Amino acid sequence: MMGTLMGGQSTIGTAQLAFSFGISAWWFTIGAALGAVVLAVFYARPIRRSGCSTLLEIVAREYGRKAETVGSLLFLIGIFISIVAQVLSSSAMIGALFRLPMLWAAIIGAVLVVLLVLFGGIKSAGAGGIVKLVLLYTSSLAAGGVVLYLAGDLGGLYHGIESAYTSPTLRAVNDLPLQAGADIDIHQRYGNMLARGPLKDLGGCLSLVLGVVTTQTYAQCIWMGATTRKARRGALYCAFFIPFIGAACTLVGMYMRGHYVTADELTALQAAGESLPVGMGVIDNSAQAFPAFILLHLPPWLGGVVLGAMLINVLGAASGLSLGAATIVVRDVAGNLATFFRKVLPSRQSSASHKVHLSTLAGTRLAIVGILIVAVAVANLFHGSFINDLGFLSLGLRAVALLFPLSFALWLPGRFSARGVLLAMPSGTAAMLLGKAFDLPGDPVYYGLMVSLLAILCFRNKKAGGALGGDGVNGMDGMDGTMLSPRTVASLVGASSLPPATKMTASATTPTVSSASMTRRSLLCM
């Protein structure tokens, strides 16, 4: 779990955000730690006792296979945004190493991801996962220690930032008051945990907390534990250690702010007729704050090892995400379209279409290439965005789609109908995306969670029932929400007290779970 959380967003993204907003960048790793705690304390035992192997399978058992399919398709949006964030992270490292423009660095990163997937690099990288994790953790902490050594203390960090902002042009570019020497404004931004506003910073933290709970990758760590106690212990260890990474990378970003300007800021200085402040260097963009610090302020041999391990980590994360997204595209999108056309087209055209088809493997490879091409294009359009903001959005979208269906399936089975869940998942996602697109006040996760919860509550069952396996829940096809399953009725009033007619009705209308259905569920969200 910790190896997954220690990606480009926890390191490069945190340093980038600290470059512009100081210690409020720490919320990313704090949110990840709190999410691990919530997962361990509240969800570990229920999901292990569910008898399922994926989070979407838990939802499907309660609300039907349609909810599972919709959930996997909505997850595709969040996964794609994470891929874009990893592309931006890899391009920052490659650009800093080889002094390449962002677009070319992103293209090279995408090509490396494709090669890593096609030639089995994910498995080989996973073999040294513990060594890589230890190396990244210790080197990140070492970088934070070097910052404190160079700056002297936190006061030295703030003094460097104040010196950088003596230029009115730099203050204007970064939305600070134009009067130089107003040190209070510097401390309010760089020394404030809520520098971007309470609703926004706390909303980002909330997205991390709930996103960790509803992401299969992190939940899988709970399932893999030998016992519930050991699974919880591992998640709590992760929660303890991960914030130190955020603190170290935050220090790096703040140090780089006090000693470097970006290429855009240099252009603004030159346009205003000002010279570069004495002692200041230049980096291409704020995303290069962490890799540039490693290259310029650590011993060359150590910096090379750290950047190599970090690049493998980021590319490995992008490879896994791309493979997962491609699997959803091939199995759910293309598979459902193929099934639809087989039903619609005449048998003669359908049989002819079988002659021209791609294998699942070839289709997955093409999907990976296509996804990465689109990701590079999107990353180039949003190369000025904060990497961590994409991380907040990605995990928030997963939380909006799955949090309430999953939680109600675990703790309140039978109380809510599949109709409400099928409405809540896409409507909550749409509300969050619209909140982001129109830059509504606060964080868009608030709007998504509110709409998702309201949609489910609007279709609450009049009777309390239990989870039902198969094609639906609480109804003939998973949409009615009025029929109780025999298992639920027996658990509530005792099977022996049921009238014969009730037993016959319940058993006659209970759908069964086919082995093919269970196999398909186990393949989702891998």
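Since this is a predicted model, take the numbers as computed values, not measurements. (Residues numbered from 1 in each chain as written. Predicted model: local features only at pLDDT ≥ 70, side-chain atom pairs only at ≥ 80, totals over all residues. Heavy atoms only, no water.)

Chemist: Looking at this structure, how should I read the environment of I456?
Modeler: Structurally, the position occupied by I456 is in helix 22 (residues 444–457). Sequence spacing of I456 and G420 is 36 residues, and the spatial spacing of their C-alpha atoms is 4.4 Å. The residues touching I456, leaving out its near neighbours within four places in the chain, are F404, P405, F408, F416, G420, V421 and A424. (Helix = DSSP H or I, 4+ residues; strand = E, 2+ residues; numbered from the N terminus. Contact = heavy atoms within 4.5 Å.)

Chemist: Explanation requested: the side chain of S452 in the structure shown.
Modeler: Along the chain, S452 falls in helix 22. By relative accessible area, which is 1% here, S452 ends up buried. Dropping the residues within four chain positions of it, S452 is found in contact with V400, F404, A424 and G428. (Buried < 20%, exposed > 50% of the residue type's maximum accessible area, 1.4 Å probe, protein only.)

Chemist: What's the story with the pattern of salt bridges in this structure? I'm lost.
Modeler: Two side chains that carry opposite charge are able to pair once their charged atoms sit near each other. For the coordinates displayed, the defined rule picks out three salt bridges. Across the pair R196 and D201 runs a salt bridge, and its minimum N-O distance is 3.7 Å. D201 shares its class with R196; the two are buried. Residues R257 and E265 are paired through a salt bridge, measuring 2.9 Å at the closest nitrogen-oxygen approach. What emerges from the salt-bridge pattern is a single network uniting R196, D201 and D389. (Salt bridge = Lys/Arg side-chain N within 4 Å of Asp/Glu carboxyl O.)

Chemist: I'm lost on empty space enclosed by the protein in this one. Help?
Modeler: Counted under the stated rule, the structure contains four cavities of 30 Å³ or more. What the largest cavity holds in volume is close to 100 Å³. Lining the largest cavity we find 14 residues, and of these L88, S91, M102, N285 and A287 sit closest to its centre. Per-element tally for the lining of the largest cavity: the top contributor is helix 5 (residues 65–98), with four residues. Here the lining of the largest cavity is built from residues that sort into six nonpolar, seven polar and one charged. Each pocket or cavity is described by its volume, and for the second largest cavity that value is around 70 Å³. Contributions of two or more residues to the lining of the second largest cavity are made by helix 12 (198–213), helix 20 (387–411) and helix 21 (418–437). Broken down by element, the lining of the second largest cavity gets its largest block of residues, three residues, from helix 20. Class assignment of the residues belonging to the lining of the second largest cavity gives a composition of four nonpolar, one polar and five charged. (1 Å grid on protein atoms, 1.4 Å probe; cavity = no way out; pocket = protein on both sides within 12 Å on 5 of 7 lines; lining within 4 Å. Points joined across faces, edges and corners; volume = space filled by probe spheres on them. Nonpolar A, V, L, I, M, F, W, Y, C, P; charged D, E, K, R; others polar.)

Chemist: It is not clear to me how unusual backbone geometry should be interpreted in this structure. Could you clarify?
Modeler: Generally, phi is negative for residues other than glycine and the peptide bonds are trans, each holding for most cases. One non-glycine residue, R99, lies in positive phi territory at about 55°. Within the fold, R99 resides in the loop between helix 5 and helix 6 (102–118). Residues other than glycine seldom take positive phi values, yet D439 does so here, at roughly 50°. We classify D439 as exposed; its relative accessible area is 67%.

Chemist: Looking at this structure, how should I read the packing of helix 2 (residues 8–21) against helix 5?
Modeler: Angle between the axes and distance between the axes are the two parameters that describe a pair of packed helices. Running from amino to carboxyl end, helix 2 crosses helix 5 at an angle of 60°, the nearest separation of the two axes being 10 Å. Regarding the angle of helix 2 to helix 5, the classification is oblique. Once helix 2 is placed against helix 5, the crossing between them reads as left-handed. Taken together, the residues of helix 5 that come into contact with helix 2 (itself represented by G8, Q9 and I12) are S82, A85, Q86, S89, A92 and M93. Its residues assigned to classes, the contact of helix 2 with helix 5 shows four nonpolar, five polar and no charged. (Axes fitted to C-alpha atoms, helices over the stretch in contact; angles between N-to-C directions. Parallel < 35°, antiparallel > 145°, perpendicular 65-115°, else oblique. Left-handed = near helix turned anticlockwise from the far one by under 90°.)

Chemist: Even after reading the chapter, I still don't get the environment of G64, so can you show me in this structure?
Modeler: Relative to the assigned elements, G64 resides in the loop between helix 4 (55–63) and helix 5. Counting along the chain gives 358 residues from G64 to L422, while the straight-line C-alpha distance between them is 9.6 Å.

Chemist: I tried to follow the layout of surface pockets on my own but got confused; where do I start?
Modeler: Summary: where empty space remains is shown by rolling a probe the size of a single water molecule over the atoms. The volume enclosed by the second largest pocket comes to roughly 580 Å³. If you go around the second largest pocket, you meet 23 residues; those closest to its centre are S20, T262, D264, S286 and G384. Elements with a contribution of two residues or more to the lining of the second largest pocket: helix 2 and helix 15 (263–271). The leading source of residues in the lining of the second largest pocket is helix 2, at four residues.

Chemist: What is the right way to read the packing of aromatic side chains from this model?
Modeler: Aromatic ring pairs are reported here in terms of the distance separating the ring centres and the angle at which the planes meet. Here the structure, examined in full by the defined rule, presents 10 aromatic pairs. Taking the centre distance of 5.6 Å and the plane angle of 70° together, the rings of F240 and F244 count as edge-to-face. Of this pair, F240 and F244 both sit in helix 14 (residues 228–259), four residues apart, which is roughly one turn of that helix. A relative accessible area of 52% places F240 in the exposed class. For F244, a relative accessible area of 41% corresponds to the partly exposed category. Arranged with centres 5.8 Å apart and planes meeting at 80°, the rings of Y255 and F293 form a pair that is edge-to-face. (Phe/Tyr/Trp six-rings, centres within 6.5 Å; stacked < 30°, edge-to-face > 60°.)

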